[in-house]
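Reading the structure
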Amino acid sequence: MAEKFDAVDVIRTKRDHHRLSAEQIAWVIDAYTRGVVADEQMAALNMAIFLNGMDHDEINAWTAAMIETGERMHFGALNRPVVDKHSTGGVGDKITLPLAPLVAVFDVAVPQLSGRGLGHTGGTLDKLESIPGWQASVSKERMMEILADPGCIICAAGPGLAPADKKIYALRDITATVESIPLIASSIMSKKIAEGTDSLVLDVKVGSGAFMKNIDTARELASTMVQLGKDAGVTTVALLTDMEHPLGRAVGNALEVQESVDILAGGGPDDVRELTIALAREMLTLAGKPDVDIAAALDDGRAMDVWKRMITAQNGDPDAPLPQAKHTHEITADRDGYLSTLDALAVGVASWRLGAGRARKEDPVQAGAGITLHAGFGERVRRGQPLFTLHTDTPDRFERALEALTPGFAITDSAPSMPESVILERID
């Protein structure tokens, strides 16, 4: 059968700053998935999009075409609101772990189809796999059972959701075309729309440790994704949140699980608790429950109860001791003053080099590796006071981790100006 379009013509159209039609986009995504369009041709098209952009109709068509290459999930049988949250990723961003059970307390289903980490941003599944016995892969039937009771699940997405995205993303990763707002937005939203939830809250990180380094590009990405969601019938809002500094005091897989459990016990760092409650409020408002007492569900043990049932449902032992690294190295303050620089990217790269992350998708991660922060940004510190503890199973990693971390913090005589909140803006 003759193909409807020619890949070279499609590439030339975008190369020469013209719009792609919905028909051209639908064909090229389908043809690439079928193997008719070659990798080098899709790479050339990605670069043309990276350089010349797309308008809203093109991004909509690109997103829809990627959805059409796979299956759609349906949660109507649950007979309750279904709401999801997606974060663009950061350093110490463990919010999904306490958030899903917290929202499920209020009879709202929360399917969190999550991924693994790559580079300096940690993956939710990597964190949870540090819990003894816990399994990321769940059948569709078992997923529906867990969403019925306890009401939330964090698991790996199956290969059936937007398979074109997986293939295109792998190509973007090796051709320097990742940082394109049309391609980022369509990649995220194709999977989220195919997932079939009623509503979606986006946590778009801004700053050193985030994908989006400045608020203007973060705002553009968030607005694009919110509109894509709405156009597809998924009520969508976004929060822009601060990622200049690490979130919380733990960076690394088991370390972040422990901090999440602390939040579920009513404690934990203020910024992690603040963002967990803020995102839960957005999710519950979209689910038609704007007036519930969210903080009370953390403080009285209800969220912790759902967490334990969720972990148990995926064969994990929520009461088992978490793995600990075999070796630690402590960094202390060399003077009195204020911790006036604490760069999220430096902390993230150092944690990655300790073994908490991976450079390639097939690399293993160390469950106990990472960094504990004993002081937060802007805090007063004393000479000799512990600032960081580095954790790893392989002590020869300390040197390169320190090379990344050391330029990322500084102590000065005067206190820095402090942000009022980890939440910068709301976009709906």
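Residues numbered from 1 in each chain as written. Predicted model: local features only at pLDDT ≥ 70, side-chain atom pairs only at ≥ 80, totals over all residues. Heavy atoms only, no water.

Points about unusual backbone geometry
In this model, aspartate 149 is joined to proline 150 through a cis peptide bond whose omega is 20°. Backbone geometry at aspartate 107 places phi at a positive 60°, although glycine is not the residue there. Along the chain, the position of aspartate 107 falls in the loop between helix H5 (96–104) and strand S2 (110–114). Backbone geometry at asparagine 315 places phi at a positive 70°, although glycine is not the residue there. Of note, asparagine 315 is situated in the loop between helix H14 (302–313) and strand S7 (327–332). (Helix = DSSP H or I, 4+ residues; strand = E, 2+ residues; numbered from the N terminus.)

Brief notes about the sheet that holds strand S5 (residues 235–242)
One key point about sheets: their strands pair by backbone hydrogen bonds, in either a parallel or an antiparallel sense. Strands sit in the order S1-S4-S5-S13 across an open sheet of four strands; the sheet is mixed. Whereas interior strands pair on both sides, the edge strands pair on one side only; in this sheet they are strand S1 (83–87) and strand S13 (423–427). On average, each strand axis in the sheet is tilted by 20° relative to the strand beside it, whichever way the strands run. Strand direction decides the pairing type here: strand S4 (residues 199–206) and S5, joined by eight bridges, are parallel. Bridge assignment links valine 206 to a residue of S5, and that residue is aspartate 242. Lying on the sheet, helix H9 (residues 181–195) is in contact with S1, S4 and S5; it crosses S1 at an angle near 165°. (Pairing = 2+ DSSP bridges. Axes fitted to C-alpha atoms, helices over the stretch in contact; angles between N-to-C directions. Contact = heavy atoms within 4.5 Å.)

As for the packing of aromatic side chains
Applying the stated criterion across every chain, the model contains two aromatic pairs. A cation over a ring is seen here: lysine 167 above tyrosine 32, with NZ or CZ 4.3 Å from the ring centre. In this structure, arginine 380 packs its charged tip against the face of tyrosine 338, placed 5.2 Å from the ring centre. (Phe/Tyr/Trp six-rings, centres within 6.5 Å; stacked < 30°, edge-to-face > 60°. Lys NZ or Arg CZ within 6 Å of the ring centre and 35° of its normal.)

Section: the packing of helix H1 (residues 7–15) against helix H3 (residues 39–52)
Contact geometry for H1 and H3: axes closest at 8 Å, N-to-C directions at 15°. For the element pair H1 / H3, the angle class is roughly parallel. The way H1 lies across H3 gives a crossing that is left-handed. Seen from H1, the contacting residues are Ala7, Val8, Val10, Ile11, Lys14 and Arg15; seen from H3, they are Gln41, Ala44, Leu45, Ala48, Ile49 and Asn52. (Parallel < 35°, antiparallel > 145°, perpendicular 65-115°, else oblique. Left-handed = near helix turned anticlockwise from the far one by under 90°.)

As for the environment of leucine 373
For leucine 373, the location among the structural elements is in strand S9 (residues 370–373). Sequence spacing of leucine 373 and glutamate 403 is 30 residues, and the spatial spacing of their C-alpha atoms is 17 Å. Leave out the neighbours within four places in its chain, and leucine 373 touches Pro246, Gly248, Arg249, Val251, Leu342, Val347, Leu387 and Phe388.

Re helix H2 (residues 22–34)
Its 13 residues place the ends of H2 18 Å apart at the C-alpha level, agreeing with the 18 Å of an ideal helix rising 1.5 Å per residue. Among all positions of H2, only Gln24, Ile25, Trp27, Val28, Ile29, Ala31 and Tyr32 are buried. Looking at the buried residues of H2, the elements they touch are H1, H3, helix H4 (56–68) and helix H8 (163–173). In the stretch just after H2, glycine 35 is the one whose phi turns positive, near 90°. (Expected span 1.5 Å × (residues − 1). Buried < 20%, exposed > 50% of the residue type's maximum accessible area, 1.4 Å probe, protein only.)

Examining the environment of aspartate 393
The residue aspartate 393 is located in the loop between strand S11 (386–392) and helix H16 (398–405) in this model. Taking the C-alpha atoms as reference points, aspartate 393 and glutamine 324, separated by 69 residues in sequence, lie 8.7 Å from one another. Every residue in contact with aspartate 393, bar those within four places of it in the chain, is listed here: Gln324, Ala325, Lys326, His327 and Gln366. Of note is the side chain of aspartate 393, whose polar atom sits 3.0 Å from the backbone nitrogen of lysine 326. (Polar contact = N/O pair within 3.5 Å; in protein donor to acceptor, adjacent residues only side chain to side chain.)

Focus on the domain arrangement of the chain
For the chain, the domain assignment lists domain 1 (83–161 + 195–314) and domain 2 (327–412). Each of domain 1 and domain 2 has a C-alpha centre, and these two points are 24 Å apart. Between domain 1 and domain 2, the contact holds 22 residues from the first and 30 residues from the second. Summed over both sides, the interface between domain 1 and domain 2 buries roughly 1,800 Å², with carbon and sulfur atoms accounting for 56% of that surface. Linking domain 1 with domain 2 are two salt bridges, by the criterion used here. With its nearest N and O atoms 2.2 Å apart, the salt bridge here joins glutamate 379 to arginine 249. Connecting domain 1 to domain 2 are twelve residue pairs in polar contact (both at pLDDT 80 or more). Among the residues forming the side of domain 1 that touches domain 2, the class breakdown is eight nonpolar, ten polar and four charged. (Domains from an automatic or database assignment. Buried area = accessible area lost by both parts, 1.4 Å probe. Salt bridge = Lys/Arg side-chain N within 4 Å of Asp/Glu carboxyl O. Nonpolar A, V, L, I, M, F, W, Y, C, P; charged D, E, K, R; others polar.)

What to know about the sheet that holds strand S12 (residues 409–412)
Spatially, three strands are ordered S10-S8-S12 in an open sheet, and the strand pairing comes out antiparallel. Whereas interior strands pair on both sides, the edge strands pair on one side only; in this sheet they are strand S10 (380–381) and S12. Relative to S12, strand S8 (residues 337–342) runs antiparallel, the two being bridged by four bridges. Following the sheet pairing, tyrosine 338 is matched in S12 by threonine 412.

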